[in-house]
Amino acid sequence: MSIRVFVPGDAGAVAVGADAVAVELEELALERGFAIDIVRNGSRGLYWLEPLVEVETQARRMAYGPVRPEDVASLLDAGMLEGGRHALSLGPTEEIPFLMQQTRLTFARCGVVDPRSLGDYRAHGGYEGLTKALTMQPAEIVEQVKASGLRGRGGAGFPTGIKWETVLNTPTDGKGAEQKYIVCNADEGDSGTYADRMLMEGDPFLLIEGMTIAGLAVGATKGYIYLRSEYPHAEIVTNAAIAAARHAGMLGADVSGSGKAFDLEVRMGAGAYVCGEETSLLESLEGKRGQVRAKPPLPAHKGLFGKPTVINNVLSFAAVPYILSEGAEAYRDFGMGRSRGTMPIQLAGNVKHGGVFEMAFGLTLGELVNDIGGGTASGRPVRAVQVGGPLGAYFPPSLFDTPFDYEALTARDGLLGHGGIVVFDDTVDMAAQARFAFEFCAIESCGKCTPCRLGAVRGTEVMDRVIAGTDVEANLTLVEDLCETMKLGSLCALGGFTPFPVMSALRHYPEDFGRAPERAAAAE
Amino acid sequence: MPATDEMPLVRAAIDSHCGVEGAALPILLAVQETVGYIPDDALPMIAEALNVSRAEMHGIVSFYHDFRREPAGRHVVKLCRAEACQAMGGREVAERLSRKLGVDFGETSPDGRVTLEAVYCLGLCACAPAVMVDGRVVGRLDGEAAERIAKEVQA
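Definitions and limits used
- Residues numbered from 1 in each chain as written.
- Chains lettered and ligands numbered in written order.
- Predicted model: local features only at pLDDT ≥ 70, side-chain atom pairs only at ≥ 80, totals over all residues.
- Helix = DSSP H or I, 4+ residues; strand = E, 2+ residues; numbered from the N terminus.
- Rg over C-alpha atoms; globule rule 2.2 N^0.38 Å.
- Buried ≥ 20, exposed ≤ 12 C-beta atoms within 10 Å, placed from the backbone.
- Contact = placed C-beta atoms within 7 Å.
- Pairing = 2+ DSSP bridges.
- Axes fitted to C-alpha atoms, helices over the stretch in contact; angles between N-to-C directions.
- Domains from an automatic or database assignment.
- Left-handed = near helix turned anticlockwise from the far one by under 90°.
- Nonpolar A, V, L, I, M, F, W, Y, C, P; charged D, E, K, R; others polar.
- Core = buried A, V, L, I, M, F, W, Y, C linked by C-beta atoms within 7 Å.

1. Overview of the overall build of chain A
Part 1: From N to C terminus, chain A includes 22 helices and 16 strands.
Part 2: The globule rule puts the C-alpha radius of gyration for 524 residues at 24 Å, and the 24 Å found for chain A is close to it.
Part 3: Every one of the 524 residues in chain A was classed for burial, and the buried ones make up 57%.
Part 4: When contacts within chain A are restricted to residue pairs at least 6 apart in sequence, long-range pairs at least 24 apart make up 71% of them.

2. With respect to the sheet that holds strand E9 (residues 309–313) of chain A
Residue and element names in this part refer to chain A.
Part 1: The parallel open sheet is built from four strands, whose spatial order is E8-E7-E6-E9. Two strands in the sheet have a free side with no partner beyond their single neighbour: strand E8 (263–268) and E9. Here the strands of the sheet are splayed against their neighbours by 20° on average, with no regard to which way each runs.

3. As for the domain arrangement of chain B
Part 1: Domain boundaries assigned for chain B yield domain 1 (3–63) and domain 2 (75–154).
Part 2: The C-alpha-based centres of domain 1 of chain B and domain 2 of chain B are spaced at 29 Å.

4. Here we look at the packing of helix H19 (residues 472–489) of chain A against helix H21 (residues 499–508) of chain A
Residues and elements named next belong to chain A.
Part 1: Here H19 crosses H21 at 150°, and the two axes come no closer than 10 Å. Relative to H21, H19 is oriented so that their crossing is left-handed. Packed against H19, whose contacting residues are Leu-476, Val-479, Cys-483, Met-486 and Lys-487, the element H21 presents Pro-499, Val-502, Met-503 and Leu-506 at the interface.
Part 2: Its residues assigned to classes, the contact of H19 with H21 shows eight nonpolar, no polar and one charged.

5. Here's the deal with helix H13 (residues 314–326) of chain A
All names here are of chain A.
Part 1: Counting buried residues in H13 gives eleven out of 13 residues, a clear majority hidden from the surface.
Part 2: The complete set of buried residues in H13 reads Val-314, Leu-315, Ser-316, Phe-317, Ala-318, Ala-319, Val-320, Pro-321, Tyr-322, Ile-323 and Leu-324.
Part 3: One or two positions beyond H13, positive phi appears at Gly-327, with a value near 100°.

6. Describing the sheet that holds strand E12 (residues 342–349) of chain A
Residue and element names in this part refer to chain A.
Part 1: Taken in spatial order, the five strands line up as E13-E12-E16-E14-E15 in an open sheet, and their pairing is mixed. One side of each edge strand has no neighbouring strand; the edge strands of this open sheet are strand E13 (355–360) and strand E15 (394–395).
Part 2: Bridge count for E12 against strand E16 (residues 420–425) is four bridges, and the pairing is parallel. Bridge pairing in E16 places Leu-347 opposite Ile-421.

7. Let's talk about the pairing of strand E6 (residues 181–186) of chain A
Residue and element names in this part refer to chain A.
Part 1: Counting buried residues in E6 gives six out of six residues, a clear majority hidden from the surface.
Part 2: Burial along E6 is two-sided: the residues Tyr-181, Val-183 and Asn-185 and Ile-182, Cys-184 and Ala-186 are all buried.
Part 3: Alignment of E6 against strand E7 (residues 222–227), held across six bridges, turns out to be parallel. Across the sheet, the residue bridging to Cys-184 is Ile-225, located in E7.

8. A few points about the interface of chain A and chain B
Part 1: Taken residue by residue, the interface counts 44 residues in chain A and 34 residues in chain B.
Part 2: Elements with a minimum of two residues in the side of chain A that touches chain B: helix H1 (11–15), E8, helix H12 (278–285), E12 and E16 of chain A.
Part 3: Residue composition of the side of chain A that touches chain B, by class: 21 nonpolar, 14 polar and nine charged.

9. Some details on the environment of A:Ala156
Residue and element names in this part refer to chain A.
Part 1: Looking at where Ala-156 falls in the secondary structure, it is placed in the loop between helix H7 (138–148) and helix H8 (160–169).
Part 2: For Ala-156, a count of 15 C-beta atoms within 10 Å corresponds to the partly exposed category.
Part 3: Note: C-alpha distance between Ala-156 and Leu-415 (259 residues apart in sequence) is 8.9 Å.

10. Considerations on the nonpolar core
Part 1: If you look at the biggest cluster of nonpolar residues, it comprises 223 residues, and the most contacted ones within it are A:Val183, A:Val385 and B:Ala130.
Part 2: The element contributing the most residues to this core is helix H10 (residues 204–218) of chain A, with ten residues.
Part 3: Setting aside residues up to four positions removed in sequence, A:Val183 forms contacts with A:Gly223, A:Tyr224, A:Tyr226, A:Leu282, A:Leu285, A:Leu304, A:Thr309, A:Val310 and A:Ile311.

11. Quick word on the pairing of E16(A)
Residue and element names in this part refer to chain A.
Part 1: Taken across its six residues, E16 has six buried, putting it largely inside the fold.
Part 2: Residue alternation in E16 divides its side chains into two sets, Gly-420, Val-422 and Phe-424 and Ile-421, Val-423 and Asp-425, and both sets are buried.
Part 3: Relative to E16, strand E14 (residues 382–387) runs antiparallel, the two sharing five bridges. Looking at E16, one finds that Gln-386 is bridged to Val-422.

12. A few points about unusual backbone geometry
Part 1: A cis amide bond links A:Pro296 to the next residue, A:Pro297, at an omega of 0°.
Part 2: Cis rather than trans, the peptide bond between B:Ala128 and B:Pro129 has omega equal to -10°.
Part 3: Of note in the backbone geometry, A:Ser256 takes a positive phi value of approximately 55° without being a glycine.
Part 4: Overall, A:Ser256 belongs to the partly exposed group, with 19 C-beta atoms counted inside 10 Å.
Part 5: Of note in the backbone geometry, B:Cys121 takes a positive phi value of approximately 95° without being a glycine.

In structure tokens:
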């Protein structure tokens, strides 16, 4: 029997050479007469160790990494295929501390299974949630999701069960059109976040199962996954999984022999950050400019093509199968306060141990950055972390006692967003980061509302004057005033939250803006 | 590609996607993939097929960063310029790459060899800085890697 060897096909692993490693391994194994079966799995999410190669031995899986193509020969010499020792040995994968410390509910299978194999998915507990859901009434499914305390993992943190309940209870238009939709927001545009991508590349059946359960819960028969064009690897793997699910009768007119219909389609975006905003995404799916809609009406009432629509993030749907199979209580038991369950936190940027760390809410920023992330990759002191993407606040180490949960971050003028943490060392120029926040908003603004469309451009210009040292105090007052206007007057989070990175940078790092710390303290 | 060869490709893109819900993006993406850009003459054809005005069609195409209105270079280099890459020296890499290629972001070199574009996040934030070269992703870039890429696409 051939030995299973896992070489991730995850885009992050491929970006650091996994394809070349797989080719080298295949060629050398053939040359030396080893029968191996290379599985292109997802990533375990330990990116500083990628490409991380695993060998399935009788007892357990043994890990090696980071592996370069030129290491393969010596790995085979060292008996890697029997789990032999080598300088790149990491021991049994499950015992790597970064993994051992986690509570992987959503990412339980990611990096473990062959993402294209429905059989592998089932062998690892897949579709147990759907099986349970098929025995339940729609309202019971919704009740489970509500009771779990799951909140939208895309950024807004709205309770998922309430959203579903609204769609379930929204009558269709009565003109014979009974259509409701399930839409997955896979437009993961925030820098520092990549959990959606990893999941779609590493365990796409989980997303498919979660969306199918949502369809059963609210009576929708059609689902769309709106995926950003920057993720071509995720597109390929997810489409392969959808085809496999359809072939096996897990999608289509008769899901798992239940007589209920649900089918799915991946739709690609075309490079617009704002399409991660749910109403803008719906416009884009309808084939229009991705401009934000005013709310109300809520998408739950009038969503895609004006029909009742559940729109959730990838991670929200992916949390649902566990909730159904293990029960709402099991999920709710994790977490703190009103932040229940687990969150796949993404450590990124200048961090020694960058990767996905799924854990119950409640660890502090300091624990995440220093203990788990190991500090900076450059070895220099941490100066700032940006939490929650380009619209999230910058935090200095003096605030590292902040717990990672929705309310605690909000209380400190930040946001959890999609769970990304970008680490910067002491070479960062916070005035440049504040300027970039405005610039990014200007590039990506949909143009519908004035505070965002004009404010972002003016903000960039004013920051240029601040950086040039021109009339600094007066211009900073202008920045503060502009931020207030954008925050209160913008239609969506793009314009409304751009003030978070700007104002936090100004508040915590006044010296970078040519403002004396005393003056800043007095202003607070 | 001579312009005469483009319109059958546009027609094929329209025919294969016209019937789906919200067909505009699938059609435009298919045109861009097969033709390489969205030719001016394609807009009235797509507008007619979707029963929208040409102005609306123009509005859709111009909204999305991905759609090109003219052919790209033979190689397309998309460098991430977002925060996680900035934190790992992305600004220096961007400068070096742009200088070596002799083009600014958003431009195609006069010899038509290469187009350099900024993207805001490739989702490779734990192996930053990152770039996509003709669809191939490369992470953990430094100045030398940037120069290697420049050399490769100019060859």
